[in-house]
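# Examining the three-dimensional arrangement
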Amino acid sequence: MEVCGGQTHALLRHGIDQLLPAEIRLIHGPGCPVCVTASERIDQALELAARPEVILCSFGDMLRVPGSQGRNLLAVRAEGGDVRVVYSPLDVLSVAQRHPDRLVVFLAVGFETTAPATALLARRALLEGTPNLALLVCHVRVPPVLHAMLSAPHCQVQGLLAAGNVCAVMGQAEYDALAAQHRRPIVVTGFSAVELLQGILQAVGQLERGEHRVENGYRRAAATQGNRAAQALIQQVFEPIGCQWRGLGWIPGGGLALREPFAGLAVERRVAPPITALAAAEQGQGCISGLVLQGLARPSACPHFRRPCTPEQPLGAPMVSSEGACAAYYRYQR
């Protein structure tokens, strides 16, 4: 199983899934933070964006992700909501400074790779005293969900290709513990065709030798200890919490929340009346995106794949995101 949407797209783009011998089967894990953001959090963003006093800032992919009732942020913007695409969390600080009379909310989404940039925004906002800036934090952590998936009785994963970008930030200590506990080989892997093939070869080699440890096949970018400065920034601003993952349920320790003194930036503390989250329900009768995110089904097994579910008219989040598994199959497989 690869656990990165960028790796999923690269595997299919280069046809590696079709070139491998039949004995080796790739399972696509929940490697896209856009896809696994809970419907309840999307509903919160939709409710905020509809308020005239709010400017909601987000990365572009999030604008098309449906909430529990099928609506998305693009629809809210079309109805007059002030929804803006940003390319860096620090862009949100500039928006807040230009509009001191409005509440500017950043929809903070991503794995550990983007959490340091959000942490930097929180620290700058607190330091500079930006009272009209708030964060809707939806960051999630990869190791806890891997632990949950590998612990499941129906798990078919025999080896893991760990996302090199996540390990470049967080290092491999948590993966060492996973490999030892679940007795699976884990290979930190890059994103080129050669690096992916090398990662698969290393994982298969361990399986054939009966080994289960972490190997670093991405040394050009990911050090064993990771990026200590980024880790310190995350630890200063955030603390791990249990949270809902779309399609996977409640994951203990699977999310991040603002810790004191940054907790005052959380939008839940800044908006009255309290934001209400609707009950989560995956859209589209027969949509199997939950099974896709768990690695239990391939996108092509969905009865709605291609007709009517497409990147232009998505029924589930994995077809929305540019890193989603359904979008990868739609683009590269015939």
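The notes below deal with the structure included here. (Residues numbered from 1 in each chain as written. Predicted model: local features only at pLDDT ≥ 70, side-chain atom pairs only at ≥ 80, totals over all residues. Heavy atoms only, no water.)

## Structural notes on the pattern of salt bridges
Let me state the cut-off plainly: Each salt bridge in this description consists of a side-chain nitrogen of Lys or Arg and a carboxyl oxygen of Asp or Glu lying within 4 Å of one another. Only protein chains enter the accessibility calculation, which uses a 1.4 Å probe; a residue whose area is less than 20% of its type maximum is buried, one above 50% is exposed, and one in between is partly exposed. Note on conventions: DSSP H or I runs of at least 4 residues are helices, E runs of at least 2 residues are strands, and numbering of each starts at the N terminus.
Scanning the entire structure with this criterion turns up eleven salt bridges. Arg51 serves as the salt-bridge partner of Glu47, at 3.3 Å between the closest nitrogen and oxygen. On the basis of relative accessible area, Glu47 is assigned to the partly exposed category, the value being 24%. Between Asp82 and Arg102 there is a salt bridge, and its shortest N-O distance comes to 2.9 Å. Of the two residues, Asp82 sits in strand 2 (residues 82–85) while Arg102 sits in the loop between helix 6 (89–98) and strand 3 (103–110), which places them 20 residues apart along the sequence. Pair check on accessibility: Asp82 and Arg102 agree, each one buried. Linked by salt bridges that have partners in common, Asp82, Arg84 and Arg102 make up one network.

## Examining helix 15 (residues 325–332)
In plain terms, the rule: We call two residues in contact when some of their heavy atoms are within 4.5 Å.
Within helix 15 the residues assigned to the buried category are Ala325, Cys326, Ala327, Ala328 and Tyr329. Those residues of helix 15 that are buried are in contact with helix 1 (5–13), helix 13 (289–293) and helix 14 (317–320).

## A word on the sheet that holds strand 2
Spelled out, the test is: At least two bridges found by DSSP between two strands are what make those strands a pair. To obtain each axis, a line is fitted to C-alpha atoms, and for helices this fit is confined to the stretch in contact; angles are then taken between N-to-C directions over 0 to 180 degrees.
Taken together, four strands build an open sheet; the order of strands is 2-1-3-4 and the sheet is parallel. Of all strands in the sheet, those with a lone pairing partner are strand 2 and strand 4 (133–139), marking the two edges. In this sheet, neighbouring strand axes are inclined to one another by 20° on average, regardless of whether the strands run parallel or antiparallel. Both strand 1 (residues 54–58) and strand 2 contribute to a ladder of four bridges, which runs parallel. Residue pairing for strand 2: Ser58 is matched across the bridge by Val85. Together, strand 1, strand 2, strand 3 and strand 4 form the strand contacts of helix 4 (residues 39–49), whose direction differs from that of strand 4 by roughly 160°. Packing of helix 7 (residues 115–128) onto the sheet brings it into contact with strand 3 and strand 4, and relative to strand 4 it is tilted by some 160°.

## Describing the nonpolar core
Applicable threshold: Here, nonpolar core means buried Ala, Val, Leu, Ile, Met, Phe, Trp, Tyr and Cys residues that are tied together by side-chain atoms lying within 4.5 Å of each other.
The biggest cluster of nonpolar side chains holds 59 residues, and the ones touching the most others in it are Leu56, Leu73, Val105, Leu107, Tyr175 and Trp245. Those residues in contact with Leu73, other than ones at most four positions away along the chain, are Ala45, Leu46, Ala49, Leu56, Met62, Leu63, Val83 and Leu107. One finds Cys57, Ala115, Leu121 and Val169 within the second-largest nonpolar core, a separate group that totals 29 residues.

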